[in-house]
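Analysis of the macromolecular model
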Amino acid sequence: MLTTYATERPTKHAGGIGYGRRMISVRNETRVDMEEKVAANDNWVAMIGKVRDSKDRAAFAALFQHFAPRVKSFLMKSGASESLADECMQDVMVTLWTKAHLFDASRASASTWVFTIARNKKIDALRKMRRPEPEDLVWGPEAEPDAADVVTLRQESAKLTKAILELPQKQRELIERVYFGELSHSEIAKVTGLPLGTIKSRIRLALERLRHAMG
Amino acid sequence: MPWDNDMSDVKHHLTEALLMSYAAGTLDEGYALVAASHISLCDACRAELQSYEAVGGSLMDDADAVHMSEDALEATMALIDAAPAVRPRVLKSDRVLPGPVQDYVGGDLSDVRWRAVGGGVRQAVLKTGDKSMARLLSIPAGAAMPDHSHGGLELTLVLKGAFRDEDGRFGPGDVEVATEHVHHTPIAEEGEDCICLAVTDAPLRFKGLIPRIAQPFIGI
């Protein structure tokens, strides 16, 4: 069962954006149900596939209902006004539609993929700089993501999510400050001990298979 | 294709802090250019980046609910109907420069507009929107870069050839991460000119007298 979190909205104050006390008391009791996370991701992966293959508007509406409010929340915590967050959120969801063919379930969960799109829009809208992007590694017309990689990655993603959500409050807040843009790279040394090991090696394996398939 | 992406050859990688900042979208533009270029060449760092992005995905998935306007979905569908098709980035197959650098150069190595800066060293400044300074450097085989220090963090990514300095040998795909306390004197290996992408967040300071006099004129 998923615990319901307190939903205090971020509050603006002179020093930037604060998060009230939304994680106190509830957070430490949070127990994330792995099976539920895996099943949810399987569902979103299938929906993205329907958008990619048949421009399925009902599937998109389901994705929208789940991801749009989360994307908007992320953008507002990163410093966007509500109207800018709304505008960027729409851009993010349009990109989900137009780039559905680039989603690779052997290297990212649906949430992770949507996060990267939202992060890119955040840079474009809030930082007004050019955004250097790595070369894409895309599956060729004949190669498909390895099914075993997809299955294992979804397990690893759920494990990572569980670990992140169950971190002690202080560490979790530090990580949020990194991702919402309050810590510079020189300050990140404070963030230690993220449980990245298994998911990192899983993604690495998927990349090796992909390189192999590309010949 | 000159790049072998089976990066068993890459020995010097991005730091965790740089990868995490890149994943969070908070890195200065010049540093992000080095990061994106190195990741294009290094699967180990690509995997690490993607795991940091997974952390971002977990945080976003757990975000608090916010109010959505009622017509948000409808408005988005209207944008989708008007959206142009996505065009993939086209890269030459026999390229020397990785994709992100090509985007700034507007082509491959042969399109770089070099300027001589003395001693056979050439540079081409890549325009960034923020305070970071990004440039391509070409150091003649066997020659030394002028000895310099710099205000903050300096990232140097080798694109072709190799150099050595106090920290070891750096070949194609390797990135050197140097803090402001480091005085280093990279020397290009014999046999091939060394081409690298160097980024600082402040102008370089040269120790020798003549380069310092020349500095305001050549813009290093």
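Each chain carries its own residue numbering, running from 1 in the written order of its sequence. Chains carry letters and ligands carry numbers; both start at the beginning, A for chains and 1 for ligands, and go up in the order they are written. Residues qualify for local features only when their pLDDT is at least 70, as the model is predicted, and side-chain atom pairs are given and counted only at 80 or more; totals for whole chains, interfaces and linings, by contrast, use all residues. The side-chain numbers reported here are obtained from all heavy atoms of the structure, hydrogens and water having been left aside.

**A word on the overall build of chain B**
Heads up, the condition is: Numbering goes from the N terminus for both helices and strands, where a helix is a DSSP run of H or I of at least four residues and a strand is a run of E of at least two. Buried, partly exposed and exposed residues are distinguished by accessible area as a fraction of the type maximum, computed with a 1.4 Å probe on protein chains only: under 20%, between the cut-offs, and over 50%, respectively. Contacts are residue-level and defined by heavy atoms, with any inter-residue pair within 4.5 Å sufficient. Shrake-Rupley sampling with a 1.4 Å probe provides the accessible areas, and residues are treated as covered by the protein chains on show and by no other component.
The helix and strand inventory of chain B stands at six helices and eleven strands. For chain B, the residues scored as buried account for 56% of the 220 residues in total. Contacts in chain B between residues far apart in sequence, at least 24 positions, make up 67% of those at least 6 positions apart. Element-wise, carbon and sulfur atoms account for 54% of the exposed surface of chain B, whose accessible area totals about 9,200 Å².

**Some words on the environment of B:Val86**
Along the polypeptide, B:Val86 turns up in the loop between α4 (72–82) and α5 (99–105). Excluding residues within four positions of it along the chain, B:Val86 makes contact with A:Thr98 and A:Lys99.

**Some words on the confidence of the model for chain A**
In plain terms, the rule: Note: pLDDT gives the predictor's confidence per residue, expressed from 0 to 100.
The predicted model of chain A has a mean per-residue pLDDT of 83, with 82% of residues at 70 or higher. Mean pLDDT in chain A bottoms out at strand β2 (residues 16–18) of chain A, which sits at 39, and peaks at helix α2 (residues 57–77) of chain A, which reaches 97.

**A word on the pairing of strand β5 (residues 154–160) of chain B**
Residues and elements named next belong to chain B. Note the following rule: In this scheme, strands are said to pair when DSSP sees at least two bridges between them.
Within β5, six of the seven residues are buried, which leaves it mostly tucked inside the rest of the structure. Here β5 runs beside strand β8 (residues 175–178); their pairing, made up of four bridges, is antiparallel. From the neighbouring strand, leucine 157 faces β8, where its bridge partner is valine 175.

**As for the sheet that holds β8(B)**
Residue and element names in this part refer to chain B. Strand order in the open sheet made by the six strands is β1-β2-β3-β10-β5-β8, with antiparallel pairing throughout. Whereas interior strands pair on both sides, the edge strands pair on one side only; in this sheet they are β1 (115–116) and β8. Judged from the two bridges that link them, β1 and strand β2 (residues 122–126) form a sheet pairing that is antiparallel. Note on β2: the bridge partner recorded for arginine 115 is glutamine 123.

**Here we look at the interface of chain A and chain B**
So the rule is basically this: We define buried area as the total accessible area lost by two parts upon association, computed with a 1.4 Å probe and summed across both. Put simply, a salt bridge is a Lys or Arg side-chain nitrogen that is within 4 Å of an Asp or Glu carboxyl oxygen. By the criterion applied in these results, polar contacts are pairs of N or O atoms within 3.5 Å in which, for protein atoms, one can donate a hydrogen and the other can accept it, and in which residues neighboring in sequence qualify only through two side-chain atoms. Nonpolar residues are Ala, Val, Leu, Ile, Met, Phe, Trp, Tyr, Cys and Pro. Charged residues are Asp, Glu, Lys and Arg, and all others, Gly as well, are polar.
With 71 residues of chain A at the interface, the matching set in chain B holds 64 residues. At the boundary of chain A with chain B, total buried surface from both sides reaches about 6,200 Å², with 62% on carbon and sulfur atoms. Remark: the boundary between chain A and chain B carries nine salt bridges. As a salt-bridge pair, B:Glu53 and A:Arg119 come within 3.0 Å of each other at their nearest N and O atoms. Taken together, the links from chain A to chain B amount to 25 residue pairs in polar contact (both at pLDDT 80 or more). Every element with two or more residues in the side of chain A that touches chain B is listed here: α2, α3 (82–98), α4 (110–127), α5 (147–165), α6 (169–179) and α7 (197–214) of chain A. Ranked by residue count, the leading element in the side of chain A that touches chain B is α2(A), at 14 residues. Broken down by class, the residue content of the side of chain A that touches chain B amounts to 36 nonpolar, twelve polar and 23 charged.

**Observations concerning the pairing of β2(B)**
All names here are of chain B. The hairpin turn running from β1 into β2, its antiparallel successor, is five residues long, and glycine 118 in that turn takes a positive phi close to 105°. As defined by bridge partners, β2 adjoins strand β3 (residues 133–139) across five bridges and the pair is classed as antiparallel. Among the inter-strand pairings, arginine 122 is bridged to a residue of β3, identified as serine 138. Counting the residues that bridge the hairpin from β2 to β3 gives six residues.

**Structural notes on the pattern of salt bridges**
Pairing is possible between side chains that carry opposite charge, provided their charged atoms lie close to one another. Enumeration over the complete set of coordinates arrives at 28 salt bridges over all chains. With a closest N to O distance of 2.7 Å, B:Arg95 and A:Glu135 form a salt bridge. Note that B:Arg95 is positioned in the loop between α4 and α5 and A:Glu135 in the loop between α4 and α5, a pairing that runs across two chains. Accessibility expressed as a relative area gives 8% for A:Glu135, which makes it buried. Two residues, A:Glu176 and A:Arg172, come together in a salt bridge whose shortest N-O distance is 2.9 Å. Taken together, the positions of A:Glu176 and A:Arg172, both in helix α6 and four residues apart, correspond to about one turn of that helix.

**Details of α3(A)**
The following threshold applies: By definition here, a helix of n residues has an expected span of 1.5 Å times n minus one.
Counted at 1.5 Å a residue, the expected span for α3(A) with its 17 residues is 24 Å, and the 24 Å between its end C-alpha atoms agrees. Among the 17 residues of α3(A), twelve are classified as buried, and the element is accordingly described as predominantly covered. Here α3(A) has its buried residues at A:Ala85, A:Asp86, A:Cys88, A:Met89, A:Gln90, A:Val92, A:Met93, A:Val94, A:Thr95, A:Leu96, A:Trp97 and A:Thr98. In the core, the buried residues of α3(A) are packed alongside α1 (34–54), α2 and α4 of chain A together with α4 of chain B.

**Points about the environment of B:Asp61**
Along the chain, B:Asp61 falls in helix α3 (residues 43–61). With a relative accessible area of 15%, B:Asp61 lands in the buried category. Filtering out sequence-adjacent residues up to four positions away, B:Asp61 remains in contact with A:Lys37, A:His66, A:Phe67, A:Arg70 and A:Ser111. Only 3.2 Å separates the side chain of B:Asp61 from the side chain of A:Ser111, close enough to count as a polar contact.

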